[in-house]
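Now for the letters of each chain:
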Amino acid sequence: MEWIDGLFVHAGSLVGKFLPEGDLKSLLVDGVIGGVGGMLVFLPQICILFFFLTLLEDTGYLARAAFVMDRLMRRVGLPGKAFVPMLSSHACAIPGIMATRGIEDKRDRLVTILVLPLLTCSARIPVYAMVCALLFPDQPMYAALAFAGAYSLGGITALVMAFVFRRTILPGETRPLVLELPGYKMPSVRNAFLMAIDRAGIFIRKAGTVIMVISILLWTASTYPKSEPPAEVAEMLLQAEQTNDDDLRREASRLESKHAFANSAAGRLGKAIEPVIEPLGFDWQIGVGIVSSFAAREVIVST
């Protein structure tokens with residue numbers, strides 16, 4: 001992660017040296033390089049996740065896990081076969097939803113599809129990592145507990161909502177589990193490694209296309225329309241130039257950037273939804289991040 005972060009920091013500074021101050025430099029350094037770099041820095045964790053999921057699948061244990069989990073899952077209204085799609089959804093909800101085709105009963109399949117997006121997928125790992133690092137920068141034990149708690153909360157919420165759905169909008173009995181158990185075998189480390197590489201490539205392509213486009217749109221929305229800084233900020237900037245005071249210049253630049261962001265299209269959108277999210281303790285700046293995450297969950301990191 002440090003290597004990837006350092007690479008993008010170096011790339012941003014290198015590009016910045018050859019470009020004059022202005023919107024083009026800000027677009028490339030802050031929008032493109034900063035946005036994509038903020039996603040790719042979490043690539044190692046995603047590779048580790050897929051590597052161990054593939055090892056688990058190769059052993060032949062998943063069918064037995066579904067059998068073991070059947071009794072618990074039937075109590076909340078889910079079939080035992082839903083365990084495999086739920087496990088896949090911890091990598092990505094889309095293949096998890098596609099995997100529900102193996103569930104014969106339509107009602108069981110629909111309940112499973114409804115709860116899968118609640119589980120923690122790999123796109124949320126960067127978000128959890130960012131939040132835990134912000135809350136507990138020097139307390140790794142608390143950060144680990146917060147991360148594990150957030151991860152577990154998704155699974156608990158999915159089970160609770162399945163229980164609610166079974167007793168409200170999708171009532172009915174869950175079918176008993178009948179399946180053939182495959183034999184155990186040694187997993188292939190080579191297959192797991194190749195799968196991790198393949199998924200990493202997919203994530204990189206996603207970061208290089210969708211996330212880059214979203215980052216550019218976010219940069220545009222947070223930069224335009226431009227507005228003049230308040231009189232007191234302009235006065236601070238002038239005073240900093242006259243006195244050559246670096247601290248005053250940094251503070252004035254910070255206030256100028258905050259004012260510009262607040263009056264941009266993104267800032268205005270954040271302020272429009274602030275009354276709705278304020279009871280949660282969120283301000284308009286977090287609101288901008290929430291709106292951007294509807295396109296892709298991990299985009300909130302670069303926002």
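Everything numeric in this text was worked out from a predicted model, so none of it was measured.

Draft legend 1. The arrangement of the overall build of the protein in detail. Of the regular secondary structure elements, the protein holds 15 helices and zero strands. Along the three orthogonal principal directions, the C-alpha set of the protein runs to about 80 × 45 × 35 Å. The proportion of buried residues among the 303 residues of the protein is 36%. Considering only residue pairs separated by 6 or more positions, the protein has 68% of its internal contacts joining residues 24 or more positions apart. In the form shown here, the protein has an accessible surface area of approximately 17,700 Å², with 67% of it arising from carbon and sulfur atoms. Distance between charge centroids for the protein: 15 Å, based on 28 positive and 28 negative side chains.

Draft legend 2. Quick peek at the nonpolar core. Of all hydrophobic cores here, the largest spans 42 residues; its most connected members are L78, F83 and M86. In terms of residue count, helix 3 (residues 43–58) provides more of this core than any other element does, six residues in total. With sequence-adjacent residues up to four places away left out, F83 is seen in contact with L62, A65, A66, M69 and M73.

Draft legend 3. How the structure looks around the confidence of the model for the protein. Predicted confidence across the protein gives a mean pLDDT of 84, with 99% of residues reaching 70 or more. Mean pLDDT in the protein bottoms out at helix 15 (residues 299–302), which sits at 78, and peaks at helix 9 (residues 140–166), which reaches 92.

Draft legend 4. The arrangement of the packing of aromatic side chains in detail. Going through the model one piece at a time under the given rule, you end up with six aromatic pairs. Measuring from centroid to centroid gives 5.8 Å for Y128 and F147, while their planes differ by 90°, and the two rings are edge-to-face. Residue Y128 is found in helix 8 (residues 125–135), and its partner F147 is found in helix 9; the two are separated by 19 residues along the sequence. For Y128, a relative accessible area of 16% translates into the label buried. The exposure class of F147 is partly exposed, given its relative accessible area of 25%. Pairing F136 with Y142 gives two aromatic rings, centres 5.8 Å apart and planes at 55°, and the pair type is tilted. A relative accessible area of 47% places Y142 in the partly exposed class. Counting every residue linked through ring pairs, the aromatic cluster contains Y128, F147 and Y151. Against the face of W284 rests K271, its NZ or CZ located 5.4 Å from the ring centre.

Draft legend 5. Up close: helix 12 (residues 246–262). End to end, helix 12 covers 24 Å across 17 residues, agreeing with the expected 24 Å (1.5 Å per residue, within 8%). Here helix 12 has its buried residues at L248, A252 and A262. Taken end-on, helix 12 shows its buried residues confined to a sector of 90°, consistent with a single buried face. Exposed residues lying more than 90 degrees from the buried face of helix 12 are D247 and R250. Elements that come into contact with the buried residues of helix 12 comprise helix 11 (231–243), helix 13 (265–277) and helix 14 (284–292).

Draft legend 6. Focus on unusual backbone geometry. Cis geometry is found at the peptide bond from Y224 to P225, where omega equals -10°. Residue position: P225 is located in the loop between helix 10 (189–223) and helix 11.

Draft legend 7. Just the pattern of salt bridges, in detail. Under the definition given, this model contains five salt bridges. Across the salt bridge formed by E104 and K81, the nearest N and O atoms sit 2.8 Å from each other. Taken together, the positions of E104 in the loop between helix 6 (93–98) and helix 7 (106–115) and K81 in the loop between helix 4 (61–75) and helix 5 (83–89) put the pair 23 residues apart, joining distant regions of the chain. Between R250 and D247 there is a salt bridge, and its shortest N-O distance comes to 2.4 Å. Here R250 and its partner D247 are both found in helix 12, three residues apart, which amounts to about one turn of the helix.

What counts and what doesn't
Residues numbered from 1 in each chain as written. Predicted model: local features only at pLDDT ≥ 70, side-chain atom pairs only at ≥ 80, totals over all residues. Heavy atoms only, no water. Helix = DSSP H or I, 4+ residues; strand = E, 2+ residues; numbered from the N terminus. Buried < 20%, exposed > 50% of the residue type's maximum accessible area, 1.4 Å probe, protein only. Contact = heavy atoms within 4.5 Å. Areas by Shrake-Rupley, 256 points an atom, 1.4 Å probe, with all protein chains shown as cover. Lys, Arg positive; Asp, Glu negative; His and termini not counted. Charge placed at Lys NZ, Arg CZ, Asp CG, Glu CD. Core = buried A, V, L, I, M, F, W, Y, C linked by side-chain atoms within 4.5 Å. pLDDT = per-residue confidence, 0-100. Phe/Tyr/Trp six-rings, centres within 6.5 Å; stacked < 30°, edge-to-face > 60°. Lys NZ or Arg CZ within 6 Å of the ring centre and 35° of its normal. Expected span 1.5 Å × (residues − 1). Arc of directions from axis to C-beta. Salt bridge = Lys/Arg side-chain N within 4 Å of Asp/Glu carboxyl O.

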